[in-house]
Every structure is written in structure tokens, then in C-alpha cells.
Amino acid sequence: MTDKVHLGHRARKRFGQNFLNDDTIIDKIVTAIDPRVGDNLVEIGPGLGAITEPVTELTDHLTVVELDKDLAERLIHHPFMAPKLTVHQGDAMKFDFSSLLTGDKKLKIFGNLPYNVSTPLLFHLFDYVDDVEHMHFMLQKEVVNRMVASPGSKAFGRLSVMTQYYCHAIPVIEVPPTCFKPAPKVDSAVVRLVPKSPDQRTAKSTKLLNTVCLEAFNQRRKTLRNSLANLLDATQLEALGIDPSVRAESLTLKQFIDIANWLYDNKQ
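Each value, and the rule that gives it
Residues numbered from 1 in each chain as written. Predicted model: local features only at pLDDT ≥ 70, side-chain atom pairs only at ≥ 80, totals over all residues. Heavy atoms only, no water. Phe/Tyr/Trp six-rings, centres within 6.5 Å; stacked < 30°, edge-to-face > 60°. Helix = DSSP H or I, 4+ residues; strand = E, 2+ residues; numbered from the N terminus. Buried < 20%, exposed > 50% of the residue type's maximum accessible area, 1.4 Å probe, protein only. Pairing = 2+ DSSP bridges. Right-handed = clockwise from strand over helix to strand, strands pointing away. Axes fitted to C-alpha atoms, helices over the stretch in contact; angles between N-to-C directions. Contact = heavy atoms within 4.5 Å. Salt bridge = Lys/Arg side-chain N within 4 Å of Asp/Glu carboxyl O.

It is worth spelling out the packing of aromatic side chains at this point. Applying the stated criterion to the full structure yields 7 aromatic pairs. Ring centres of Phe217 and Phe256 lie 5.6 Å apart, and the angle between their planes is 25°; this geometry places the pair in the stacked category. Of this pair, Phe217 sits in helix α7 (residues 206-218) while Phe256 is found in helix α10 (residues 253-266), placing the two residues 39 residues apart along the sequence. A single burial state applies to Phe217 and to Phe256, both of which are buried. Three or more aromatic residues joined by ring pairs make a cluster, and in this case those are Phe123, Phe126, Tyr165 and Tyr166.

Here it is as C-alpha cells:
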């Protein structure tokens, strides 16, 4: 049996499948999620159930969203977990997570996200932050580093700004390739995302905030005078208290919001 087959299932490259199989790491992730009876728990990409199983042991119900039909069927007919599971076979990128809300219970979302779609999937989930209590995701370590990066660092970019606009992002644990079957070629890490309250998110248009980030970081070596030339000029940047001769990674989250709000007020 090759290292691409785990628990009778052959990992599918097109789905970015790497199955976690380290009990110590699994225990730490489950502890971070802190599943309890009555929680509105949602797992994205449960795979072969490495995290699913210990979570179901601690709670009464878990909703899972799984793209792979074979894995979804496996969970639907699982001898122990099935009674506690609601399985949605489909693409999490297209899933309406607000449809899972019941009463006043916010969602606790977690999962081992496929590296090939992790960033767009995170942006999709940010649309539901007001429905979420917290999220825990296994991601490529480099992606987690970008999510939690501070202004002034090389890792600071659009993902940093948008993640930190919506959530408090806290690294939880690093996970080496040896903890997976098959072993990926990169290190992984788990990040905890706690949504900020609506009054902490002060952008008048998140679409404009994202546009500013795209323009500013599209060519990182350019100064703001050049990278944001399509949106506003140096004089307008200076009026906002921003030095047009610096690069995008020098700006704070608040300064990105200030630019987006200025554009909202003056370019509509």
C-alpha cells in the first residue's frame, strides 16, 4: 500500500487531500476548538474523520461539508459517528453557512483546509463572520504567517489586512509534514480566528478596502504614490496623514481603512 492510501482511501490530488494522523496534534486541535454539547459545530473537509471523531465524542451534533463524494458517503454510513452527523456533500466555497443557524447559537467552524483553495475559501467565510463564534483552521504555515503578520514585515499583505479587518487571528500550533498521510511538501499550522464585532469593523465598503489592498500589494516594491495612482494621488494620501513614498507593507490596518473610506466618500 502506498503512502497515498490511508484507511482504505486514496488521497486525491485535485482535492488537495492530506490526512492528519498524529494523535497528539489532533488532541491539541480539539482542545482549541473546545466542542461542547449544544454547540453549533461545522467542519469543512472532514476527510477520513481524524478531527471529526474526537469532536463527535464530546458533543451531540456536528455538521460537515465535504466535497469528495466517497468520503461523504463514508461519513453518512459511519457505524459510530453517523447518528450525530449532518453531511452536506458539496463545495464549501459555494455553501451558504448562514443556512446552518438555529436560534441564537453562532457557528463554531473548523477544518483542515485544502491548500489550493484556502485563501478564496477564507474570503468566502469572512462574509459570514457575524454568524460565527470562532473558527479554527489547519493551513499552510506560510498562509498562517501572512494572516497574523504585522505591518512592516515581508509577510504583511492583502490577506493580513483583510483577515485582521474581520477577525482577531491567533496562531495555535505548528504541524510538520510527518503528521499527514500523504506528507505534504510544506509545513502546516493551525490558526484561531475570533470575529471582531461590527462596531470594530469601520470600513464603509469592504469591497473598496479589498480593492485598495489589491492595488497596493499588486506590485509590492512600488511606493504608494505609484501603486495607488489609479485610486488617489500623493496630495490626497498626504491629506490622510500617509507618506506616499512608503510601500504598502508599511501601512497599518487603520490607514488602509482610512484610504478606503476616503474613496467611498469622494469617488462615488
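Bringing the pairing of strand β7 (residues 107-112) into the picture now. Most of β7 is tucked away: 6 of the 6 residues are buried. Alternating residues of β7 divide into Leu107, Ile109 and Gly111 and Lys108, Phe110 and Asn112, and every residue in both groups is buried. With 6 bridges joining them, β7 and strand β8 (residues 132-140) adopt parallel strand pairing. Counterpart to Asn112 in the pairing with β8 is Met138.

Along β8, 7 of the 9 residues are buried, which leaves the element largely enclosed by surrounding structure. A crossover links β7 with its parallel partner β8, the connecting element being helix α4 (residues 118-126), and its sense is right-handed. When β8 meets strand β11 (residues 188-195), the two strands line up antiparallel, connected through 6 bridges. Across the sheet, Leu139 pairs through a bridge with Ala189, a residue of β11.

Okay, the sheet that holds strand β9 (residues 167-175) next. Strand order in the open sheet formed by 7 strands is β6-β5-β4-β7-β8-β11-β9, and the pairing between neighbours is mixed. Of all strands in the sheet, those bounded by a partner on one side alone are β6 (85-89) and β9. Each adjacent strand pair in this sheet contributes to an overall mean axis angle of 20°, direction not counted. Here helix α5 (residues 141-148) sits on the sheet in contact with β8, β9 and β11, set at roughly 135° to β8.

The next subject is the pattern of salt bridges. A full pass over the atoms with the stated rule returns 8 salt bridges. Measuring nitrogen to oxygen at the nearest pair gives 3.3 Å for the salt bridge that ties Lys141 to Glu174. Of this pair, Lys141 sits in helix α5 while Glu174 sits in strand β9, and the two are 33 residues apart along the sequence. A relative accessible area of 24% places Lys141 in the partly exposed class. Close ionic contact of Lys254 with Asp258 constitutes a salt bridge, the shortest N to O distance being 3.0 Å. Highlighted residues: Lys254 and Asp258, both in helix α10, separated by 4 residues, approximately one helical turn. Judged by its relative accessible area of 23%, Asp258 is partly exposed.

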